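Structure assessment
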Amino acid sequence: MAFINSGLEEALPQDDQLASVIAHELAHVVLGHSKENTDSTTRARMEREADALGVRLSLRAGFDPNAAARAIEVIGGRARGPITRLLGLYGDHMPTPQRKSFLLEEAIAARQEQAAERKGGSDPVQP
């Protein structure tokens, strides 16, 4: 289950950006992530994995995979006080500039995988 509050929906009016956040949260579900009884290193790894799979899920759904990086930039720019803790922007997640770079790299990789899939017929998105 993933919850998207109206504040996030208002901050990300572009469908591609909102879809990237939803894809990230669904990636946690697909990957079987649970933050229970895990240390910060494990949680950071899980966030990275969800970022990578989320980009691929949003691309497969027809959304722009670069939107994840734009969404993080918007969210990171608004990160102040309690909202920062609520969205988990510090701690388990990479700092916004590094995360944006990582997401852009993943978008390139996802497009390459999609092109290879079209040529070879394999399915690169597997949990």
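What about the overall build of the protein chain?
Counting secondary structure elements, the protein chain contains six helices and zero strands. Each helix (α) and strand (β) of the protein chain, taken in turn from the N terminus, gives the series α-α-α-α-α-α. With 127 residues in all, the protein chain has 37% of them scored as buried. Sequence separation of at least 24 residues holds for 65% of the intrachain contacts in the protein chain that already meet a minimum separation of 6.

Here's the deal with the packing of helix α3 (residues 40-60) against helix α6 (residues 96-120)
Two elements in contact, α3 and α6, have axes whose closest approach is 9 Å; the angle formed by their N-to-C orientations is 45°. Regarding the angle of α3 to α6, the classification is oblique. When the axes of α3 and α6 are compared, the crossing they make is right-handed. Two secondary-structure elements touch here, α3 through E47, R48, D51, A52, V55, R56, L59 and R60 and α6 through R99, F102, L103, E106, A107, A109, A110, R111, E113, Q114 and E117. The residue makeup of the contact of α3 with α6, split by class, is eight nonpolar, one polar and ten charged.

Considerations on the side chain of S58
With respect to the element layout, S58 can be found in helix α3. Setting aside residues no more than four positions away along its own chain, S58 makes contact with S20, A23, F63 and P65.

Quick look at the pattern of salt bridges
Summed over the entire model, instances satisfying the criterion amount to eight salt bridges. A salt bridge links R99 to D51; the shortest N-O distance between them is 2.8 Å. Here R99, found in helix α6, pairs with D51, found in helix α3; they are 48 residues apart in sequence, far enough to count as distant. D51 shares its class with R99; the two are buried. R56 is the salt-bridge partner of E113, the closest N and O atoms lying 2.7 Å from each other. Of this pair, E113 sits in helix α6 while R56 is found in helix α3, placing the two residues 57 residues apart along the sequence. Residue E113 is classed as partly exposed on the basis of its relative accessible area of 27%. By relative accessible area, R56 is classed as buried at 12%. A single salt-bridge network, built from bridges that share partners, covers R56, E106 and E113.

The rules behind these values
- One numbering rule holds for all chains: residues counted from 1, following each sequence as written.
- At least 70 in pLDDT is required for a residue's local features to be given in this predicted model, at least 80 for side-chain atom pairs to be given and counted, and no such filter applies to totals for whole chains, interfaces and linings, which use all residues.
- As a convention, hydrogens and water are excluded, and side-chain values are obtained from all of the structure's heavy atoms.
- The helix and strand labels rest on DSSP assignments: H or I over at least four residues marks a helix, E over at least two residues marks a strand, and numbering proceeds from the N terminus.
- Working definition: with a 1.4 Å probe on protein chains only, accessible area under 20% of the residue-type maximum means buried, over 50% means exposed, and in between means partly exposed.
- In this analysis, two residues are considered to be in contact whenever any of their non-hydrogen atoms come within 4.5 Å of each other.
- Only the stretch in contact is used when a helix axis is fitted, and all axes are lines through C-alpha atoms; the angle between N-to-C directions ranges over 0 to 180 degrees.
- Any angle that falls under 35 degrees is termed roughly parallel, while one over 145 is termed roughly antiparallel, one within 65 to 115 roughly perpendicular, and all others oblique.
- Each crossing is labelled by how the near helix is turned from the far one, with a counterclockwise turn of less than a right angle marking it left-handed and a clockwise turn marking it right-handed.
- Residue polarity is assigned by list, with Asp, Glu, Lys and Arg as charged and Ala, Val, Leu, Ile, Met, Phe, Trp, Tyr, Cys and Pro as nonpolar; anything else, Gly included, falls into the polar class.
- Salt bridge, as applied in this entry: a Lys or Arg side-chain nitrogen positioned within 4 Å of an Asp or Glu carboxyl oxygen.

Remember, this is a structural readout, not a statement about activity or role.
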